[in-house]
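Observations on the three-dimensional arrangement
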Amino acid sequence: MAAGHDNEMGTKGSTLEHYLKSPTLLILVFVVLGILVARIMGMSTLDTIMTVMYFMGIALSLNIIMGFAGYVSFGHAVFLGLGGYAYVLMVYFIKPLADLQNTGYGLGAFLVAVLAGLFAAAVAASVGAAVLRLRGAFFAIATIGLDFTALYLFKAVVPELNPEQFFGAQIILPADRIVEKDLVFNAMFLTLVILLAVNYYIRKSPFGVGLTAIKEDEDAAEVLGVPTTMYKIVAFTLAGFFTGMVGALFSLNGGGVDETLFNLGHSIDMIVMIVIGGLGTVLGPVIGSLIYFELYDLLLVHYPGVNLIILGVIVAIVVLFFPEGLIGLLRKYRVRGVRLRDVLE
Amino acid sequence: MEEILVVDGVTKRFGGLVANNKVSFSMRRGEILGLIGPNGAGKTTLFNVITGVYRPDEGRVIFKGEDITGKPPHVITRKGIAKTHQIVKPFNDMTVLENAMVGALFGKRAHQITIGQAKEIARRSLELVGLADKADEFAVKLTLRQKKMLELARALSAEPELLLLDEVLAGLNPKEIEEALEIIKKVKVERDLSIIMIEHVMHAVMNIADRIVVLHFGWKIAEGTPEEVANNPEVITAYLGDPRYALRFVKRKGGGE
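Just so you know, the residues in each chain are numbered from 1, in the order the chain's sequence is written. Chains and ligands are labelled sequentially in the order written, the chains with letters from A and the ligands with numbers from 1. Restriction of local features to residues with pLDDT of at least 70 applies here, the model being predicted, together with a cutoff of 80 or more for giving and counting side-chain atom pairs; totals for whole chains, interfaces and linings are based on all residues.

Focus: the overall build of chain B
A tally of helices and strands in chain B yields ten helices and ten strands. For a compact globule of 257 residues, the expected C-alpha radius of gyration is about 18 Å, and chain B comes in at 18 Å, within 12% of that figure. Counting other C-beta atoms within 10 Å of its own, a residue is labelled buried from 20 upward, exposed at 12 or fewer, and partly exposed in the gap between, with every C-beta atom placed from the backbone. The buried share among the 257 residues of chain B stands at 47%. With C-beta atoms placed from the backbone, a contact is any residue pair whose C-beta atoms sit within 7 Å. Long-range contacts, defined as pairs at least 24 residues apart, comprise 67% of the intrachain contacts of chain B with a sequence gap of at least 6. Going along the chain from the N terminus, every DSSP run of H or I of four or more residues is numbered as a helix, and every run of E of two or more is numbered as a strand. Both definitions apply: the radius of gyration is a C-alpha atom measure, and the globule rule equals 2.2 Å times residues to the power 0.38.

Considering the interface of chain B and chain A
The interface is formed by 23 residues belonging to chain B together with 14 residues belonging to chain A. Only Asp, Glu, Lys and Arg are considered charged in this grouping, and only Ala, Val, Leu, Ile, Met, Phe, Trp, Tyr, Cys and Pro are considered nonpolar; every other residue, Gly among them, is considered polar. Within the side of chain B that touches chain A, the residues separate by chemical class into eleven nonpolar, seven polar and five charged.

Overview of helix H3 (residues 23-40) of chain A
The span one expects for a helix is its residue count, reduced by one, times 1.5 Å. The terminal C-alpha atoms of H3(A), which comprises 18 residues, lie 25 Å apart, in line with the 26 Å expected from a rise of 1.5 Å per residue. Just downstream of H3(A) lies Gly42(A), where phi reads positive at about 70°.

A look at the pairing of strand E9 (residues 211-216) of chain B
All names here are of chain B. Counted residue by residue, E9 has five buried out of six residues, so it is predominantly covered. Judged from the four bridges that link them, strand E3 (residues 32-36) and E9 form a sheet pairing that is parallel. When the bridges of E9 are listed, Gly34 appears paired with Ile212. Here, any two strands with at least 2 DSSP bridges between them count as paired. When E9 meets strand E10 (residues 219-224), the two strands line up antiparallel, connected through five bridges. By the bridge assignment for E10, Val213 is matched with Glu223. The antiparallel pairing of E9 with E10 creates a hairpin that spans two residues between the two strands, and Phe217 there sits at a positive phi of about 50°.

Describing the nonpolar core
Side chains of a nonpolar character, in soluble globular proteins, are inclined to be buried together. Ala235(A) and Leu249(A) are the most contacted members of the largest nonpolar core, which has 183 residues in total. For this core, the element with the highest residue contribution is helix H12 (residues 228-254) of chain A, accounting for 14 residues. Mapped onto the domain boundaries, this core takes at least three residues apiece from domain 1 (3-80 + 160-256) and domain 2 (89-159) of chain B. Excluding its chain neighbours within four sequence positions, the residues that come into contact with Leu249(A) are Ala109(A), Ala113(A), Val184(A), Ala187(A), Met188(A) and Thr191(A). To form a nonpolar core, buried Ala, Val, Leu, Ile, Met, Phe, Trp, Tyr and Cys residues must be joined through C-beta atoms within 7 Å. Start and end positions for the domains come from either an automated domain assignment or a database one.

Describing the sheet that holds strand E6 (residues 81-84) of chain B
Residues and elements named next belong to chain B. Read from one edge to the other, the open sheet built from six strands follows the order E6-E7-E8-E3-E9-E10, with strand pairing classed as mixed. The two strands at the open ends of the sheet, each matched to only one other strand, are E6 and E10. Across this sheet, the average inter-strand angle for adjacent strands is 15°, counted without regard to direction. Direction of pairing for E6 relative to strand E7 (residues 162-166): parallel, over a ladder of four bridges. Angles shown run from 0 to 180 degrees and are taken between the N-to-C directions of axes, each axis being a line fitted to C-alpha atoms and, for helices, limited to the stretch in contact.

Topic: the packing of helix H3 (residues 96-105) of chain B against helix H4 (residues 115-129) of chain B
Residue and element names in this part refer to chain B. In the contact formed by H3 and H4, the axes pass within 8 Å of each other and the chain directions differ by 115°. One element, H3, and the other, H4, form an angle in the roughly perpendicular class. Handedness of the crossing formed by H3 with H4: right-handed. Side by side, H3 and H4 meet where Val96, Leu97, Ala100, Met101, Ala104 and Leu105 of the first sit next to Ala118, Lys119, Ile121, Ala122, Arg123, Ser125 and Leu126 of the second. Split into classes, the residues belonging to the contact of H3 with H4 amount to ten nonpolar, one polar and two charged. For classification, angles of less than 35 degrees are called roughly parallel, those exceeding 145 degrees roughly antiparallel, those between 65 and 115 degrees roughly perpendicular, and all remaining angles oblique. By the definition used in this description, the sense in which the near helix is turned from the far one sets the handedness, with an anticlockwise turn below a right angle giving left-handed and a clockwise turn giving right-handed.

Things to note about the confidence of the model for chain A
What pLDDT expresses is the predictor's confidence in each residue, scored from 0 to 100. In this model, chain A carries a mean pLDDT of 89, and residues with pLDDT of at least 70 account for 94%. Below pLDDT 50 for its whole length, residues 1-13 of chain A participates in two contacts with residues either more than four positions away or in separate chains.

Notes on the environment of Gly254(A)
Residue and element names in this part refer to chain A. With respect to the secondary-structure elements, Gly254 resides in helix H12. Gly254 sits in the partly exposed class, given 18 other C-beta atoms within 10 Å. Distance from Gly254 to Leu295, taken between C-alpha atoms, is 23 Å for residues 41 residues apart in sequence.

So, the domain arrangement of chain B
Residue and element names in this part refer to chain B. Per the domain assignment, the segments making up chain B are domain 1 (3-80 + 160-256) and domain 2 (89-159). One C-alpha centre belongs to domain 1, the other to domain 2; they are set 24 Å apart. The partner domain 2 presents 15 residues to the 15 residues of domain 1 that form the contact. Secondary-structure elements contributing two or more residues to the side of domain 1 that touches domain 2 are helix H2 (73-79) and helix H6 (174-191). Looking at which element gives the most residues to the side of domain 1 that touches domain 2, the answer is H6, with six residues. Of the residues belonging to the side of domain 1 that touches domain 2, the class tally is six nonpolar, four polar and five charged.

What follows is the structure, given as structure tokens:
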């Protein structure tokens, strides 16, 4: 019996074997371990590591709709803001949730962030059904509209919620409502691992194949049987959910939230990281966010004042000459007969 | 014999333009039906109505006894109707094999097969149309003939019972047309298919089709065997123009077999 089982595994290739053969997965594991090692060995400050995870997190979230399905959401910061405000408002006003977020080595904060993510996801799902009918630039503009709508809504409503304590739309969490940064790290780390797994799973699943078909030619995809509307909404909702979670934990880490979380700059950060790394892959946003973070940091240190101008020029050069990004470029080549696309996807 | 498809009084308007006007016909399982007519006769529109891309203003489409009128395209594909596009629409950034896999993953057995099984189905389709050696190429690199065959392979991977071919021969040279016709005949037998083909390459469709439906300005003006249609005075004036020309097709059919 056992022998027969082994035999079957041998001929068809076991799942484990398949995953071990996938260098992408190994690279992803290395990245995750790298973050852990950097954290445990104290190679970087906790804030630096949190920023790296934040960048990687938002890039991987947007990747689900932009990288796989080809829908560039220019207003995706809206979900960052929705998640951030949802989290902060929940722990500010609801005592049990404030207590929960300090439990379980960060698991509590993770669970509250899931609630915040669900709020962002609900908005994404209901709005997605409408805006995902639009294509290309029109979709991008519609999501910007959504972002501004949410921004002005929060600016108007938040000050009314607690006029004595809130200064405009800014909320600073009181000392009994914040979470120790070690625990926030754990929650963010768990979120990032799940995000990587979800991205990887989508890339390898029929769902991912369908999304890629939508990116390539949506009409052809529909006629070939891809339920395009449903797939787009699911992808957009997932992207909204995870962006919301990252926004929640990012706000918790900063001890509060303000309306700058809705800034278009955050949307552009996400898009640029995906473009630098390469669309439609899992490694793209991971590598892209690391490069972007390093560049951002280097330029800020060495050329303060003009750092964003230089960054803008670099981004323009990438988009002009390497529109497929780093991974997109590499996957076209062979090294000693091995197609890099087999290795990098 | 069992009727696989019934088109019943289908009318489709675009503003003031009536692209299909009360078009009715039915086809038996295993038939090859030629759909011909001058440019703008409403042939592609009719395909789009059958596959659910357009919802007809009037009339019904019955597939295997079930009313599928107005169902979304992906649902109809899953029921067993596949289509190739007149203007080829390969997924350029995917390999040839991956293109065909999309057909398999979302076709008749959507959500029931694994990626691995889809790969096998796709490989067999590519073999049938002679693209097996191009499996790992990116679709963008194919020639027009190969892209047309990829459209066919993608449709076949959906494992359809009814295959709609929209000008699959257009733009091919005579030798390629011969090869393509052989492939179509072969897959029809091997996959037990019913086929409707829109075609402008007249001698080809007259050769391969069991029956022909002729559209003109949205109306069905004739239906019958290739001989009957080619001898139909209305068809000759409306479409073929010169009666002698029309007769030549029929003769070629006799000579070819």
